[in-house]
Every structure is written in C-alpha cells, then in structure tokens.
Amino acid sequence: MFDYLIVGAGFAGSVLAERLATRSNKKVLIIDKRSHIAGNAYDHYNEEGILVHKYGPHIFHTNSKDVFDYLSQFTEWRSYEHRVLASVDGQLVPIPINLDTINKLYGLNLTSFELEDWFESVAEQVPVVRTSEDVVVSKVGRELYEKFFRNYTRKQWGMDPSELDKSVTSRVPTRTNRDNRYFTDTYQAMPLNGFTAMFEKMLAHPNIKVMLNTDYKEIIDLIPFKEMIFTGPVDEYFDYQFGKLPYRSLDFKHETLNTETFLPTAVVNYPNEHAYTRITEFKYLTGQKHTKTSVVYEYPQADGDPYYPVPRPENAELYNKYKKLADQTPNVHFVGRLATYKYYNMDQVVAQALTLYKKLTEKTEEDKTI
Ligand code: FAD
Ligand code: UDP
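Given the structure is predicted, the values throughout are model-derived calculations rather than measurements.

### As for the sheet that holds strand 11 (residues 225–230)
Then step 1. The five strands lie next to each other as 10-2-1-11-17, forming an open sheet whose pairing is parallel. Unpaired on one side and paired on the other, strand 10 (208–211) and strand 17 (332–334) mark the two borders of the sheet. Between one strand axis and the next, the sheet turns by 20° as a mean value, whatever way the strands run.
Then step 2. Examined bridge by bridge, strand 1 (residues 2–7) and strand 11 share five bridges and lie parallel to one another. Looking at the pairing, Ile6 lines up with Ile229 of strand 11.

And the structure:
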C-alpha cells in the first residue's frame, strides 16, 4: 500500500514526492505517462552530445530564498543571466524594451530621463488596464506595441492581445535604463548538470518508486494507495464534464548546426516574421563548450501537448468550476501549472508544491490529535 500516488514527475510532483518521502517517511509512487522524469523541464544530451531542453528553453529565476535554498539541496548552480533580442524593422534590439532599444530603433540618443518623457508622449490613456493590449499601449504606445507585442502574441496564443488577460504581456516589463536582462530576480541560475540530473537527486530515495510510460488511468484500479496528488490537466481528470479548458501548445523543431555559435544571444524573438516565435541556442544557457551548436524553434499550435493555460476571464470562470469539484474530491490534491490552470514559472510551482506539503503535514498532525 502506497501512502501517495503522485501523477506527474515534473516540478509539482517531484517536490511533493521528495518532501513526503524524506520528511514524512511516506511511501510514494510517482508516475508519468512520458518516458522520463522532470516534466517540461526535462533536458538531455542529444545525439551530438549537446545538452538541450526537449520542451523549449527553461531558465531558472526566482526572488524566493526558500525556493532557491530548497532546490540547492539537489544541485549546484551555474550563474546565468538571460538576455533576449527581438528582430524588429530589420534590426536585432533588446527586449524587454529599454533605453538602447529605443535609441537603436529610432536612431536617437535619449537619456533615461528623456526616455521617460518620450514614453509618456506616446503612451495611450487607458482608464482601466484589463487586457494584454492595455498593458503595453498604456506604457509605450501603439507603435511599439505593434512592433514588439501584437503579432508575437497573436502567433503565440492564436488570439489578439486585447482578448488576453493583462498578466500575459505584463510578464515583459518596460525599462528606461540600459538593463538588458530578461529577468531581474535575485536568484538567476541554471542547475550545473541540468534539470534532469537535479530531479534524479530529488527522487533518489528508498521511499520513492518511479514508474514511467504509464498513464494513471492504467494503474489506478490496480495499485492501492491512500491519497493522490494530481499534476496533470484538471479538466482531463474530471473527464471534461464542464467542457475543455483551452491550453496552448507548441511544436519544437530541434536542430544541430555545424558551427560553434549561431545566434548573437541565447534567444532571438521574431514578433513579425516567420511561423515560429523564437529561436533558442542552448549552449548560452548551459555554458557547454562544443564545436557544434543546438537550437530550437518554437511553433505555436492549438492542438498538442498542453503547455500554456490561456489567461482570460472566460477560462478562469471555467477553471473555477473544476476547482470547486477538485476542492470537493476527498484525498486527491491538485497542484502545478496544469492542475491549477495557472501560467506559473518553475519557481512558482515549487513554492505551490511546498505550500501543499505543509498543508498535508498539518492535516496529518490534526488527524493525530483527533
Ligand atoms: P509539468 O512539468 O507539465 O509536469 C506534469 C507532468 O504530468 C508531465 O510530465 C506529464 O507527462 C504528466 N502527466 C499529465 N497527465 C498525466 C497522466 N494522465 N498520467 C500520467 N502522467 C501525466 N518556467 C520558468 O521558470 N522559466 C522558464 O524559462 C520557462 N520556460 C518555459 C518554456 C516553455 C516552452 C514552457 C511550456 C514552459 C516554461 N516554463 C518556464 C514553465 C515550466 O515548464 C513550468 O512552470 C513547470 O515545468 C511546471 O511544472 P508542473 O510539474 O506543474 O508541470
Ligand atoms: N511577448 C511579446 N513579444 C515578445 C516577448 C513576449 O509579445 O517579444 C508577449 C507574448 O504574449 C508572450 C508573453 O509576452 O506570450 C510572455 O512572454 P514570455 O517570454 O514570458 O513567454 P514564455 O517564456 O512564458 O513563453
């Protein structure tokens, strides 16, 4: 008899497996329908020996000391600050938009102070910022919105930014200084030997059994367990009884090139050209030295593996119906990006899983005292 069946060996499932097994001495079976652990953060050495991220570029960043300290038990880190260029008007310019972006794009020589005024002069008045269009036009005006955000977003999400919650484009800030880092979090680092190696350490405990290539539906009636932790899509768990929750998918086209470097920086975004949104060159992320280089192109898709919940009011409403059901389902706990339908980064999923672990242990303590 397992204490816990954990469905999904990504961050959500693996953090809980690790905590429950090592801290609470629980017997855990963690299963995944894929052939590997680490969920969407999975990385591996390809046929040329280059470390690549199978499901697109994953860059770790967090402001949470707790999350960073927690993961540091399972990996050493390589300091890494992510930088991205966008291909706009035939030039490669920094994104997030900053002082250099504007000066380069318009052939200007503004100072930070002047840029503040410049943004103010082009910004549109938006009484209530609700959508992903509002966020951008209210800060940098319509022209920059159209150059950098409108088409990228339409490509990535299959809908106009005006149809998406403000939280989507709010992920990318606007700066008046020359800081060209994609993230400004306190902790920005990549696991020294990769994400999968970190997950292997998390799951290496005698109380944890890992079963791959298995959908939970195949074993749920065969293997006895007390409680379940579910990290797959919440609508799938409930047989889509209120209808399908939209998730956006991607096709990843991986390529290895016979050249030492291909891009001038780790990622180049293509808002207005091509069917793909961005190209990533992995060696920038991993620091690996190799005579060849591996890149991935991301082609957004409506169908396929669910990668992104789609933040907009009607989807939040539908999710809330599933959440109500989830809350009423005894002994099943829903956690992670798919099971709680949240556009979470890795660190947010780790934090959410650690919070659930705390709740589960408090519950056990309560049970003991009753
Ligand atoms: P997942 O990693 O999706 O794990 C869920 C697991 O459950 C999967 O392995 C799946 O196979 C399994 N599963 C589902 N259904 C079943 C079933 N029926 N039976 C058995 N197993 C099942 N975050 C960052 O912090 N930085 C980044 O740079 C970043 N880049 C990203 C780039 C892309 C292209 C994508 C898609 C995401 C990115 N993220 C990034 C987000 C990050 O991937 C997620 O926050 C994190 O991986 C979510 O972990 P999870 O455990 O919730 O879900
Ligand atoms: N975005 C954009 N242009 C860019 C970069 C981002 O329009 O050059 C928008 C787009 O809607 C994207 C969102 O901002 O989906 C969030 O970008 P982020 O880079 O955080 O996306 P992720 O890495 O999660 O795919």
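### Side note on the site of ligand 1
Then step 1. In the vicinity of ligand 1 lie 32 residues, with Asp32, His58, Ile59, Tyr344 and Met346 positioned nearest.
Then step 2. In the environment of ligand 1, an oxygen atom lies 2.6 Å from a nitrogen or oxygen atom belonging to the side chain of Asp32.
Then step 3. At 3.5 Å, a side-chain N or O of Arg34 approaches an oxygen atom of ligand 1.
Then step 4. Elements represented by at least two residues in the shell around ligand 1 include exactly helix 1 (11–23) and helix 11 (346–369).
Then step 5. Taken together, the residues of the shell around ligand 1 break down into 15 nonpolar, 10 polar and seven charged.

### Points about a negative patch on the surface
Then step 1. Where like charges cluster on the molecular surface, the negative patch consists of Glu114, Glu116, Asp117 and Glu120.
Then step 2. Following the sequence through the fold, Glu114 ends up in helix 4 (residues 112–122).

### A few points about the domain arrangement of the protein
Then step 1. Taken domain by domain, the protein consists of domain 1 (2–81 + 188–369) and domain 2 (96–171).
Then step 2. Across the boundary between the two partners, domain 1 contributes 20 residues, which contact 16 residues of domain 2.
Then step 3. Linking domain 1 to domain 2 there are one salt bridge.
Then step 4. Among the ionic pairs, Glu163 bridges to Arg312, the shortest N-O distance being 3.9 Å.
Then step 5. Put simply, the parts of the chain that give the side of domain 1 that touches domain 2 at least two residues each are strand 12 (247–257) and strand 16 (308–309).

### Focus on unusual backbone geometry
Then step 1. Cis rather than trans, the peptide bond between Ile95 and Pro96 has omega equal to -5°.
Then step 2. Phi is positive for Asn331, which is not a glycine, with a value near 65°.
Then step 3. Following the sequence through the fold, Asn331 ends up in the loop between helix 10 (313–327) and strand 17.
Then step 4. One non-glycine residue, Tyr341, adopts positive backbone phi at about 50°.
Then step 5. Within the element layout of this structure, Tyr341 appears in the loop between strand 17 and helix 11.

### A few points about the site of ligand 2
Then step 1. Not every one of the 16 residues close to ligand 2 is listed here, only the nearest: Trp157, Arg171, Tyr182, Tyr308 and Tyr343.
Then step 2. Thr153 places a side-chain nitrogen or oxygen 2.8 Å from an oxygen atom of ligand 2.
Then step 3. One of the side-chain N or O atoms of Tyr308 is found 2.5 Å from an oxygen atom in ligand 2.
Then step 4. Isolated, ligand 2 exposes 520 Å² of accessible area, and the fraction of that covered by the protein chains is 94%.
Then step 5. Counting residues per element, the shell around ligand 2 draws most heavily on helix 5 (residues 132–157), which supplies six residues.
Then step 6. A per-class count over the shell around ligand 2 returns 10 nonpolar, four polar and two charged.

### Side note on the nonpolar core
Then step 1. Judged by nonpolar contacts, the single largest core of 108 residues is most densely connected at Phe11, Leu16 and Phe148.
Then step 2. In terms of domain composition, this core takes at least three residues from each of domain 1 (2–81 + 188–369) and domain 2 (96–171).
Then step 3. The contacts of Leu16, once residues within four sequence positions are left out, are Ile6, Ile229, Val335, Ala353, Leu356, Tyr357 and Leu360.
Then step 4. Within the second largest apolar cluster, eight residues are counted, among which are Leu257, Val268, Ile279 and Val295.

### A short note on the sheet that holds strand 13 (residues 267–269)
Strand pairing in a sheet relies on backbone hydrogen bonds. The paired strands run either parallel or antiparallel.
Then step 1. What the seven strands build is an open sheet, ordered 8-7-13-14-15-12-16; its pairing is mixed. Edge strands, defined here as strands with exactly one partner in the open sheet, are strand 8 (91–95) and strand 16.
Then step 2. The pairing of strand 12 with strand 16 spans two bridges and is antiparallel. Bridge pairing in strand 16 links Tyr247 to Pro309.
Then step 3. Contacting strand 7 (84–88) and strand 8, helix 3 (residues 99–106) runs over the sheet at an angle of about 160° to strand 8.

### Here we look at the pairing of strand 1
Then step 1. Within strand 1, five of the six residues are buried, which leaves it mostly tucked inside the rest of the structure.
Then step 2. Alignment of strand 1 against strand 2 (residues 28–31), held across four bridges, turns out to be parallel. Counterpart to Val7 in the pairing with strand 2 is Ile31.
Then step 3. Traced from strand 1 through helix 1 to strand 2, the parallel crossover comes out right-handed.

### Notes on the packing of aromatic side chains
Then step 1. Applying the stated criterion to the full structure yields 29 aromatic pairs.
Then step 2. With 4.6 Å between their ring centres and 20° between their planes, Phe68 and Tyr187 make a pair best called stacked. Note that Phe68 is positioned in helix 2 (residues 65–71) and Tyr187 in strand 9 (residues 187–191), a separation of 119 residues in sequence. Both residues of the pair, Phe68 and Tyr187, count as buried.
Then step 3. Geometrically, the ring pair formed by Phe238 and Tyr322 is stacked, given 6.3 Å between the ring centres and 20° between the ring planes. Of this pair, Phe238 sits in the loop between helix 8 (234–237) and strand 12 while Tyr322 sits in helix 10, placing them 84 residues apart in sequence.
Then step 4. Note on Phe238: relative accessible area 8%, which makes it buried.
Then step 5. Look at Tyr322 and you get buried, because its relative accessible area is 0%.
Then step 6. Taken together through their ring pairs, the aromatic side chains of Tyr216, Phe230, Tyr237, Phe238, Phe242, Tyr322 and Phe334 make up a single cluster.
Then step 7. Directly above the aromatic system of Tyr297 lies the positively charged group of Lys253, at a separation of 4.6 Å from the ring centroid.

Thresholds applied
Residues numbered from 1 in each chain as written. Chains lettered and ligands numbered in written order. Predicted model: local features only at pLDDT ≥ 70, side-chain atom pairs only at ≥ 80, totals over all residues. Heavy atoms only, no water. Pairing = 2+ DSSP bridges. Helix = DSSP H or I, 4+ residues; strand = E, 2+ residues; numbered from the N terminus. Axes fitted to C-alpha atoms, helices over the stretch in contact; angles between N-to-C directions. Near = heavy atom within 4 Å. Polar contact = N/O pair within 3.5 Å; in protein donor to acceptor, adjacent residues only side chain to side chain. Nonpolar A, V, L, I, M, F, W, Y, C, P; charged D, E, K, R; others polar. Patch = residues over 30% accessible without salt bridge, like charges linked within 9 Å, V, L, I, M, F, W, Y side chains within 5 Å. Areas by Shrake-Rupley, 256 points an atom, 1.4 Å probe, with all protein chains shown as cover. Salt bridge = Lys/Arg side-chain N within 4 Å of Asp/Glu carboxyl O. Lys, Arg positive; Asp, Glu negative; His and termini not counted. Charge placed at Lys NZ, Arg CZ, Asp CG, Glu CD. Domains from an automatic or database assignment. Contact = heavy atoms within 4.5 Å. Core = buried A, V, L, I, M, F, W, Y, C linked by side-chain atoms within 4.5 Å. Buried < 20%, exposed > 50% of the residue type's maximum accessible area, 1.4 Å probe, protein only. Right-handed = clockwise from strand over helix to strand, strands pointing away. Phe/Tyr/Trp six-rings, centres within 6.5 Å; stacked < 30°, edge-to-face > 60°. Lys NZ or Arg CZ within 6 Å of the ring centre and 35° of its normal.

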